[in-house]
Amino acid sequence: MRFKKAYVEITNVCNLSCAFCPGTKREKMMMNASQFEAVCKKLHPHTEYIYLHIMGEPLCHPELPLFLDIAKSNGYKVIITTNGTLLGKRGDILLSSAAVKKVNISLHSFEASIQGQTLDEYINGCILFAKKAENDKIVSLRLWNSGGMDKKNEEIKKMIAEVFSEPWTKSRNSVCIGKNIFIEYGDKFDWPDLSNGEERESVFCYGLRDQIGILSNGTVVPCCLDKDGDIALGNIFTENIEDILEKPRSKAIYNGFSSRKAVEELCRKCGYSKRFG
């Protein structure tokens, strides 16, 4: 089976505690280089895009330059999702890596208490990185907070306009503000959680259809929103992806979504799936 993307969580350690992020109950840990190399080799027949994100902040990983070299040597295109707070210190790692194709910056991370940075310093640091990346990488400045703490968005857009001059090209959910640079809008959504009360049995999702997730301990999950590994399908450190996908639980999830039915309780409690109708 081919996937459009594989989410690989190289660490679940984060330097922020954001209101929109539920965090994880799992033990804090980081993949090592040999584990990441094994993941890359086992995923190779199934995708060419690796997203370094599920939980955690990938720029916190001390071996990030080595990981990007490993991804490059295995022929992957890498997409990074970051809260942006460490771009001033470690952004050059991303800019200099030929493996990195796109950087998603979650500007809505301003909702957290960012130690040592004012809002202006934080936003301007992210904008400066985007300007440096303009000719080389795709950068998405995400404001996924509609219906949440979006009152400062207009102020943030004015700060962006001081560097990326208007007029901008608008589309439905994003605005092109420069060469390969976008502001992307999205609604605040509720992460799936087994403790949530609301359930929807009629659900469609792209989990195991165009994506798969690998947690930092090697656990394989159907999608990037299974933050605690509640739907553990196997472990990539000890099993092959092909065998994991042939398991009855994996097949039941895939076939269920084909009929717009969520067979897993976590999927029935996923707010993000509402985006797919």
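Reading the values: rules and limits
- Throughout this document, residue positions are counted from 1 along each chain, in the order its sequence is written.
- With the structure being a predicted model, the display of local features is reserved for residues of pLDDT at least 70 and the display and counting of side-chain atom pairs for 80 or more, all residues being used for whole-chain, interface and lining totals.
- The basis for the side-chain values is all heavy atoms of the structure; hydrogens and waters are excluded.
- Every axis corresponds to a line fitted to the C-alpha atoms, with the helix fit spanning only the stretch in contact, and the corresponding angles, defined between N-to-C directions, vary from 0 to 180 degrees.
- Here a helix means four or more residues in a row that DSSP labels H or I, a strand means two or more in a row labelled E, and each is numbered from the N terminus.
- An angle below 35 degrees is treated as roughly parallel, one above 145 as roughly antiparallel, one from 65 to 115 as roughly perpendicular, and anything else as oblique.
- Less than a right angle of anticlockwise turn of the near helix away from the far helix marks a crossing as left-handed, whereas a clockwise turn marks it as right-handed.
- Residue contacts follow a heavy-atom distance rule, with two residues in contact if any of their heavy atoms lie within 4.5 Å.
- Exposure categories follow from relative accessible area, calculated using a 1.4 Å probe and restricted to protein chains: below 20% of the type maximum is buried, above 50% is exposed, and the middle band is partly exposed.
- Polar contact is defined as a pair of N or O atoms within 3.5 Å, subject to the rule that within protein one atom must be able to donate a hydrogen and the other to accept it, and that residues adjacent in sequence are counted only when both atoms are side-chain atoms.
- Aromatic rings from Phe, Tyr and Trp, with only the six-membered ring used for Trp, were paired whenever their centres fell within 6.5 Å, and each pair was classed as stacked if the ring planes differed by under 30 degrees, edge-to-face if by over 60, and tilted otherwise.
- Geometrically, a charge over a ring is one whose NZ (Lys) or CZ (Arg) sits within 6 Å of the ring centre while staying within 35 degrees of the ring normal.
- Salt bridges, as used here, are contacts in which a Lys or Arg side-chain nitrogen is within 4 Å of a carboxyl oxygen on Asp or Glu.
- Directions drawn from the helix axis to the C-beta atoms are what define this arc.
- Three categories are distinguished: nonpolar for Ala, Val, Leu, Ile, Met, Phe, Trp, Tyr, Cys and Pro, charged for Asp, Glu, Lys and Arg, and polar for the others, with Gly belonging to the last.
- The pairing criterion for strands is at least two bridges between them, as found by DSSP.
- Classification remark: right-handed applies to a crossover when, strands pointing away from the viewer, the course from the first strand over the helix to the second runs clockwise.
- For our purposes a nonpolar core is just a set of buried Ala, Val, Leu, Ile, Met, Phe, Trp, Tyr and Cys residues, chained together by side-chain atoms within 4.5 Å.

## Re the packing of helix α1 (residues 33-43) against helix α2 (residues 64-73)
(1) Moving on: Where α1 meets α2, the closest approach of the two axes is 10 Å, and the angle between their N-to-C directions is 25 degrees. Taken together, the axis directions place α1 and α2 in an arrangement best described as roughly parallel. Relative to α2, the crossing made by α1 is right-handed. Side by side, α1 and α2 meet where A33, F36, E37 and C40 of the first sit next to L66, F67, I70 and A71 of the second.

## Re the side chain of N12
(1) Moving on: With respect to the helices and strands, N12 occurs in the loop between β1 (5-8) and α1.
(2) Moving on: The exposure class assigned to N12 is buried, which follows from its relative accessible area of 2%.
(3) Moving on: Within polar-contact distance, the side chain of N12 engages the backbone oxygen of E27 at 2.9 Å.
(4) Moving on: In this structure the side chain of N12 is engaged in a polar contact, spanning 2.8 Å, whose partner is the backbone nitrogen of M29.
(5) Moving on: In this view, N12 contacts T24, R26, E27, K28, M29, M55, G56 and S216; residues no more than four positions away in its chain are not counted.

## Let's talk about the packing of aromatic side chains
(1) Moving on: Within this structure, the stated rule accounts for three aromatic pairs.
(2) Moving on: Taken together, a centroid distance of 5.0 Å and an interplanar angle of 85 degrees make the contact between F204 and Y206 edge-to-face.
(3) Moving on: By relative accessible area, Y206 is classed as partly exposed at 34%.
(4) Moving on: The cationic tip of K5 hangs over the ring face of Y51; the distance from NZ or CZ to the ring centre is 5.4 Å.
(5) Moving on: Here the basic side chain of R209 rests over the ring of Y254, its NZ or CZ set 4.1 Å away from the ring centre.

## Some words on the pattern of salt bridges
(1) Moving on: Inspection of the entire model under this criterion finds 13 salt bridges.
(2) Moving on: The partner of K41 in a salt bridge is E37, with the nearest N and O atoms 3.5 Å apart. With a gap of four residues between them, K41 and E37 both fall in helix α1, about one helical turn apart.
(3) Moving on: Connected through salt bridges with shared partners, the residues D193, K227 and D228 form a single ionic network.

## Some remarks on α2
(1) Moving on: Among the residues making up α2, those that are buried are L64, F67, L68, I70 and A71. Projected down its long axis, α2 carries its buried residues within an arc of 155 degrees, all on one side. Every exposed residue of α2 that faces more than 90 degrees away from the buried side is listed here: D69 and S73.
(2) Moving on: Packing partners of the buried residues in α2 comprise α1, β2 (49-52), β3 (77-82), α3 (87-96) and β4 (100-106).
(3) Moving on: Immediately beyond the C-terminal end of α2, within one or two residues, lies G75, with a positive phi of roughly 80 degrees.

## Concerning the packing of α2 against α3
(1) Moving on: In contact at an axis separation of 10 Å, α2 and α3 are set at 15 degrees when each is read in the N-to-C sense. Judged by the inter-axis angle, α2 sits roughly parallel to α3. The chirality of how α2 crosses α3 is right-handed. Facing α2, whose interface residues are L64, P65 and L68, α3 presents R90, I93 and L94.
(2) Moving on: Each residue belonging to the contact of α2 with α3 can be placed in one class, and the counts come to five nonpolar, no polar and one charged.

## Regarding the sheet that holds β3
(1) Moving on: One open sheet holds the 11 strands; their spatial order is β6-β7-β8-β5-β4-β3-β2-β1-β9-β10-β11, and the pairing between them is mixed. In the strand order of this sheet, the two ends are held by β6 (169-170) and β11 (234-235), each with one partner.
(2) Moving on: As defined by bridge partners, strand β9 (residues 211-214) adjoins strand β10 (residues 219-221) across two bridges and the pair is classed as antiparallel. Note that in β10 the partner of I214 across the bridge is V220.

## Structural notes on the pairing of β3
(1) Moving on: For β3, a buried count of five out of six residues is recorded, marking the element as mostly surrounded by other parts of the structure.
(2) Moving on: Two strands pair when backbone bridges link them, and β3 and β4 are joined in this way by five bridges, in the parallel orientation. From the neighbouring strand, I79 faces β4, where its bridge partner is K102.
(3) Moving on: Handedness of the crossover joining β3 and β4 through α3: right-handed.

## Observations concerning the nonpolar core
A general feature of soluble globular proteins is that nonpolar side chains tend to end up buried together.
(1) Moving on: Within the largest apolar cluster, 74 residues are counted, with the highest numbers of intra-cluster contacts made by V8, F36, L43, L52, L94, L107 and I160.
(2) Moving on: With seven residues, the top contributor of residues to this core is helix α4 (residues 119-133).
(3) Moving on: Those residues in contact with L107 that sit more than four places away from it in its chain are Y122, I123, C126, L141, R142, L143, I156 and I160.

## Details of the pairing of β9
(1) Moving on: Covered by surrounding structure in β9 are Q211 and G213 together with I212 and I214, the residues of both alternating faces.
(2) Moving on: Alignment of β1 against β9, held across four bridges, turns out to be parallel. Within β9, the position partnered with K5 by the bridge is Q211.
(3) Moving on: Linking β9 back to β10 in an antiparallel pair, the connection comprises four residues, with G218 at a positive phi of about 95 degrees.

So far we have only geometry, and geometry alone does not tell us how the molecule works.
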